[in-house]
Amino acid sequence: QVQLVESGGGLVQAGGSLRLSCAASGRSFSSYVMGWFRQAPGKEREFVAAISSSGLTTYYADSVKGRFTISRDNAKNTVYLQMNSLKPEDTAVYYCAARTVGYSIQRTDKYGHWGQGTQVTVSS
């Protein structure tokens, strides 16, 4: 079992940057694939980025590729999402999630553990 707590959200102007953090408690953090998802009002939750348990492999949605960077520090039980060149369409609640190794890295139903979310608002 793993518990996840996100932080780092806030209000930023378009073109700005934010770094989200997700602190994990519980056992075996380093064995989990970690993902970031987001959900805007009236929309379904969507995949943003994921990182393998070792941190060697990363995955990104096309909409954030080249602007966002996911990373993890297994010694600190933390995963990060560095968000640069933010756009108003990035406005959403951002969720951290954990899953075991497997296929379909972008599917929300493959993640068994979720944080409570942190709001990111990008003004134009």
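Right, let's walk through the structure included here. (Residues numbered from 1 in each chain as written. Predicted model: local features only at pLDDT ≥ 70, side-chain atom pairs only at ≥ 80, totals over all residues. Heavy atoms only, no water.)

What to know about the pattern of salt bridges
And then number 1: Within the structure shown, the criterion is met by five salt bridges.
And then number 2: Residue aspartate 62 is joined to lysine 65 by a salt bridge in which the shortest nitrogen-to-oxygen separation is 3.2 Å.
And then number 3: Residue aspartate 62 is classed as exposed on the basis of its relative accessible area of 66%.
And then number 4: For aspartate 109, the salt bridge goes to arginine 107, with nearest N and O atoms at 2.7 Å.
And then number 5: The network of salt bridges with shared partners includes Arg38, Glu46, Arg67 and Asp90. (Salt bridge = Lys/Arg side-chain N within 4 Å of Asp/Glu carboxyl O. Buried < 20%, exposed > 50% of the residue type's maximum accessible area, 1.4 Å probe, protein only.)

A look at the state of the cysteines
And then number 1: This structure, assessed with the given rule, holds one disulfide.
And then number 2: Each sulfur of the disulfide joining cysteine 22 and cysteine 96 lies 2.1 Å from the other. Because the torsion about its S-S bond is -75°, the bridge between cysteine 22 and cysteine 96 counts as left-handed. With cysteine 22 in strand β3 (residues 18-26) and cysteine 96 in strand β9 (residues 92-99), the pair connects residues that are 74 residues apart, well separated along the chain. Taken as a pair, cysteine 22 and cysteine 96 share a single burial class, namely buried. (Disulfide = S-S within 2.5 Å. Helix = DSSP H or I, 4+ residues; strand = E, 2+ residues; numbered from the N terminus.)

Focus on the side chain of serine 52
And then number 1: You can see serine 52 is positioned in the loop between β5 (46-51) and β6 (58-60).
And then number 2: Setting aside its immediate chain neighbours within four residues, serine 52 contacts Tyr32, Val33, Thr57 and Arg72. (Contact = heavy atoms within 4.5 Å.)

Some details on the environment of serine 17
And then number 1: Within the fold, serine 17 resides in the loop between β2 (10-13) and β3.
And then number 2: Separated by 72 residues in sequence, serine 17 and glutamate 89 place their C-alpha atoms 14 Å apart.
And then number 3: Beyond its immediate chain neighbours, meaning those up to four positions away, serine 17 contacts Val12, Gln82, Met83, Asn84, Ser85 and Leu86.
And then number 4: Among the polar contacts made by the side chain of serine 17, one reaches the side chain of asparagine 84 at a distance of 2.9 Å. (Polar contact = N/O pair within 3.5 Å; in protein donor to acceptor, adjacent residues only side chain to side chain.)

So, the packing of aromatic side chains
And then number 1: The full count for this structure, using the stated rule, is five aromatic pairs.
And then number 2: An angle of 80° between the planes, with centres 4.9 Å apart, marks the rings of phenylalanine 37 and tyrosine 111 as edge-to-face. You can see phenylalanine 37 sitting in strand β4 (residues 33-39) and its partner tyrosine 111 sitting in the loop between β9 and β10 (113-114), a full 74 residues away along the chain.
And then number 3: Taking the relative accessible area as the measure of exposure, phenylalanine 37 reaches 0% and is therefore buried.
And then number 4: Residue classification places tyrosine 111 among the buried positions, given a relative accessible area of 4%.
And then number 5: Consider the rings of phenylalanine 37 and tryptophan 114, whose centres lie 5.0 Å apart with planes at 55°: the pair is tilted. With phenylalanine 37 in strand β4 and tryptophan 114 in strand β10, the pair connects residues that are 77 residues apart, well separated along the chain.
And then number 6: On the basis of relative accessible area, tryptophan 114 is assigned to the partly exposed category, the value being 27%.
And then number 7: Taken together, the aromatic side chains of Phe37, Phe47, Tyr95, Tyr111 and Trp114 make up a single cluster linked through ring pairs. (Phe/Tyr/Trp six-rings, centres within 6.5 Å; stacked < 30°, edge-to-face > 60°.)

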